[in-house]
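Chains, contacts and geometry: an overview
Chain residues, written in single-letter form:
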Amino acid sequence: MKRKDKQSLLLRNKDIVWINEVDKDDVGIVGGKGANLGEMTSFGLPMPNGFIVTASAYFQFLKENNLEKVIQQEIKEIDLEKPEAINRASQRIKKVIEDGRMSEDLAKKIIFTYDKLGGLLKQALVAIRSSATAEDLPTASFAGQQETFLNVKGETNVVKRVQDCWASLFTPRAIFYREENKFDHLKVGIAVVVQEMIGADVSGVMFTIDPVTHEKNRIVIEAIYGLGELIVQGELIPDRYVVDRKSLDIISRDVAKQTIQLTKVGSLNKQSLLLRNKRTRVPKSLQTKRKLTDKQIIELAKLGKKIHQHYFFPQDIEWTLVKNKFHIVQTRPVTTIKEQEGKRVKEREIKRKPILKGLAASPGLASGPVQIVKSPKEIDKVDVGEILVTSMTSPDFVPAMKKAVAIVTDKGGQTSHAAIVSRELGIPCVVGTKIATKRLKNKQVITVHGEKGEIYLGGMIKGGHRKMTPKKKEGARPLEMVALKTATKIYVNLGEPQLAQEIAQRNVDGVGLLRAEFMIAEIGTHPKKMIKEKKKKLFIEQLTKGISQFCQAFNPRPVVYRTTDFKTNEYCNLTGGKSYEPEEENPLLGYRGALRYIIDEEVFEMELAAIKKVRNKLDLTNLWLMVPFVRTPEELKKVKKIITASGLIRSPSFEIWLMVEIPSNIILLEDFIKVGIDGISIGSNDLTMLILGVDRDNANIAETFNEQDPAVTWALEKAIKTCQKHKITSSICGQAPSVYPDLVENLVKWGITSISVNPDAIERTRELVYETEKRIAKKHG
């Protein structure tokens, strides 16, 4: 048994662990938040000390109080269509947990550890945070559904708040989420983080990528006076500083006036349950001043750069400044990156004066009728296809946000709840308009330009705006874009099962790239670890569930599933990954793609078993397969043998595509075609890097990455025309078509069969293809 496995086994049997005893592989023991805090201590970040009450303590509490049956009975009576039923069940379950008796042994352990945190002469002021986890279930999606308690002091209060965190596992929102995704409520656990509470003279959020434009060489810092809750809730417009991540030069400083702040008030005596956070006036002398000096901005940016380099991925970081010392409170990966590489194309220009301006929070262009929502109690007013207008959003707004085509708020910055969720959903968002709820009227049709932060009166008309027409079908969008038809199919790139149903309603011909990686990441555990633990069946079931959601939503339209193309450094991030992955100098050119399937058939066979189950047992025969990163025709032959041996036979209803992303795929395309494939899809991101010899993630040379370089466009044209010659389909699924309109026109002229784009580019790509095809037809007519 490896040292880490032994350590995890020991931790699994403990009720309490110190934060510095765990790392990112211990999600199953201390939840996602707890594991990430532990990982942060491993490379010396300045952060508050603390401990974690593990998930096993919670499960033991349920057993000791015989609560499993009570919870199951309450859940049985839930009707997802009736929010009041969910609320009733939530209140009853939370009450029995809050009234349950914690064992004397556990209470003593919590008190003993809490006393050690504060020292002999004082009791620590702590923040108590929920950290949800689930053995064998996705964990990342549980974030934000449970409670956090700030400014807690005293042994009795700490013990009580731990129990309150347990109860918060059954908030209405959390119950709804688990029911909707068919998760077993009794398999989902919760750990509780108890961490020293530090005040904040200034606090905020830092991104190590621009969260709106996705420029990789940027660090974006947002800062406010006082505690950071108001920045996340969107109540304040923060200062915004932009730093070059390579040189650490400050590019811009936008200072916002701040009149209120959140501060701690109250006594610290043992009788008080907790201190209060209170809104107080910012002194007049500070209201219009910068929150951070240039020196502080650079110091904070250096911490951001260090964190980014440790995780090898853009980060969303929460920080505080107390007495001129920075503390990192939390970091997590930025989950809203769309592969927008190279030069970013600007959204089409609108030749109208905006009626409102705010901060650009999520890119895109959308039109629809306004629906003003004054509080979460009114979210049922929002219909599919409307534009949600509100003062600010909170997690309770999410069901309405999923229906909206765009979001506009009075308050908030680029790190507010509205901004983050809009980027997750891929819809335009403008925040910080100050007067949107007063200026706009219900049912008024407006256009939201998410990248410019502007709102225009009316819908989009020809010449840059989309034509909208009423649709009478019951339950459909009140205003819908005219469904253009094109000879060139428009597919969509997807990875998140939660978005399948919604995107399937759009004018799209299928899924041209279904990424396996998101579903594998949700499973959370390295496939070889699952094989070792005899959990192959579980892996297959969970992958089957994810894939089938897409196939059901789009049926009978095709869903082209790209088999896993994790690189070794990405596989390492899964639980147990470090034990099975080699360390590579250059994972891009390393152990990945088809070669991995040949060397390690057992993992690939689990993936094929899931595909077979979706097609044969669920009768979803619209599922096709695409093989990525195939270096030679011989590799393709070997992979096809494994596919055939699994019982998946190539046929008109089961197409096998080759992902064309290596120069050898272009040079030897005819040889690859002779092996037997039905089509190709060009991965323009990797292909561009490998043709130009450019690492797009390297800030020093990222400017050279250009998918419209003549060498790249020559390769695209050659691939498409070779496919035409051999009468197989050709597609493209890289980022380029979502960004470069000129390239789309050329792809159509060269005869490409389909174009697969990100959800936010479906309509504009369809329009562009339509106009191009019309011009070609007219020319040859």
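One can find the structure itself at the top, above this paragraph.
My aim in this report is to walk through the structure given alongside it, one point at a time. Quantities reported herein were computed from a predicted structural model and do not represent experimental measurements.

**Structural notes on the packing of aromatic side chains**
Evaluated as defined, the whole model comprises eight aromatic pairs. Through pairs of rings, three or more aromatic residues link up here, namely Tyr-58, Phe-59, Phe-61 and Trp-166. The cationic tip of Arg-592 hangs over the ring face of Phe-629; the distance from NZ or CZ to the ring centre is 3.7 Å.

**Some thoughts on the pairing of strand S20 (residues 445-449)**
S20 sits mainly inside the fold: four of its five residues count as buried. In this sheet, S20 lies alongside strand S16 (residues 365-373) in antiparallel orientation, the contact comprising five bridges. Looking at the pairing, Leu-365 lines up with His-449 of S20. Between S20 and strand S21 (residues 454-457), which follow one another and run antiparallel, lie four residues, and Gly-453 among them has a positive phi close to 75°.

**Some details on the packing of helix H24 (residues 684-692) against helix H25 (residues 710-725)**
Close contact between H24 and H25 brings their axes to 9 Å; oriented N to C, the two are set at 125°. What the angle tells us is that H24 and H25 run oblique. Crossing hand, H24 versus H25: right-handed. Contacts between H24 and H25 pair Leu-687, Thr-688, Ile-691 and Leu-692 from the former with Ala-711, Val-712, Ala-715 and Leu-716 from the latter.

**Here's the deal with the nonpolar core**
Core analysis: the largest hydrophobic core is formed by 100 residues, its most contacted members being Phe-554, Ile-680 and Ile-755. No other element matches the eight residues that helix H17 (residues 536-554) contributes to this core. The contacts of Phe-554, once residues within four sequence positions are left out, are Val-492, Leu-494, Ala-500, Ile-503, Ala-504, Val-508, Gly-510, Val-511, Val-559 and Asn-622. Counting residues in each nonpolar core, the second largest holds 41 residues, with Tyr-58, Met-102, Val-159 and Ile-175 among its members.

**Describing empty space enclosed by the protein**
Considering all chains together, one arrives at two cavities of 30 Å³ or more under this definition. Breaking the lining of the largest cavity down by element, the ones donating at least two residues are helix H19 (593-599) and helix H20 (601-617). No other element matches H20, which puts three residues into the lining of the largest cavity. Grouping the amino acids of the lining of the largest cavity by side-chain chemistry returns four nonpolar, one polar and three charged.

**Digging into the sheet that holds strand S31 (residues 754-757)**
Taken in spatial order, the eight strands make up an open sheet running S30-S29-S28-S27-S26-S25-S24-S31, and their pairing is parallel. Each edge of the open sheet is held by one strand with a lone partner, namely strand S30 (729-732) and S31. Looking at each pair of strands side by side, their axes are set apart by 30° on average, direction ignored. Note: strand S29 (residues 679-682) against S30, four bridges, orientation parallel. Across the sheet, residue Ile-682 finds its bridge partner in S30, namely Ile-732.

**Points about the pairing of strand S8 (residues 239-244)**
The buried fraction of S8 amounts to six of the six residues, a majority that puts the element mostly inside the structure. Neither face of S8 is open: one carries Asp-239, Tyr-241 and Val-243, the other Arg-240, Val-242 and Asp-244, and all of them are buried. Where strand S7 (residues 218-225) and S8 come together, six bridges link them in antiparallel fashion. Along S8, the bridge assignment pairs Glu-222 with Arg-240.

Parameters and conventions
Residues numbered from 1 in each chain as written. Predicted model: local features only at pLDDT ≥ 70, side-chain atom pairs only at ≥ 80, totals over all residues. Heavy atoms only, no water. Phe/Tyr/Trp six-rings, centres within 6.5 Å; stacked < 30°, edge-to-face > 60°. Lys NZ or Arg CZ within 6 Å of the ring centre and 35° of its normal. Buried < 20%, exposed > 50% of the residue type's maximum accessible area, 1.4 Å probe, protein only. Helix = DSSP H or I, 4+ residues; strand = E, 2+ residues; numbered from the N terminus. Pairing = 2+ DSSP bridges. Axes fitted to C-alpha atoms, helices over the stretch in contact; angles between N-to-C directions. Parallel < 35°, antiparallel > 145°, perpendicular 65-115°, else oblique. Left-handed = near helix turned anticlockwise from the far one by under 90°. Contact = heavy atoms within 4.5 Å. Core = buried A, V, L, I, M, F, W, Y, C linked by side-chain atoms within 4.5 Å. 1 Å grid on protein atoms, 1.4 Å probe; cavity = no way out; pocket = protein on both sides within 12 Å on 5 of 7 lines; lining within 4 Å. Points joined across faces, edges and corners; volume = space filled by probe spheres on them. Nonpolar A, V, L, I, M, F, W, Y, C, P; charged D, E, K, R; others polar.

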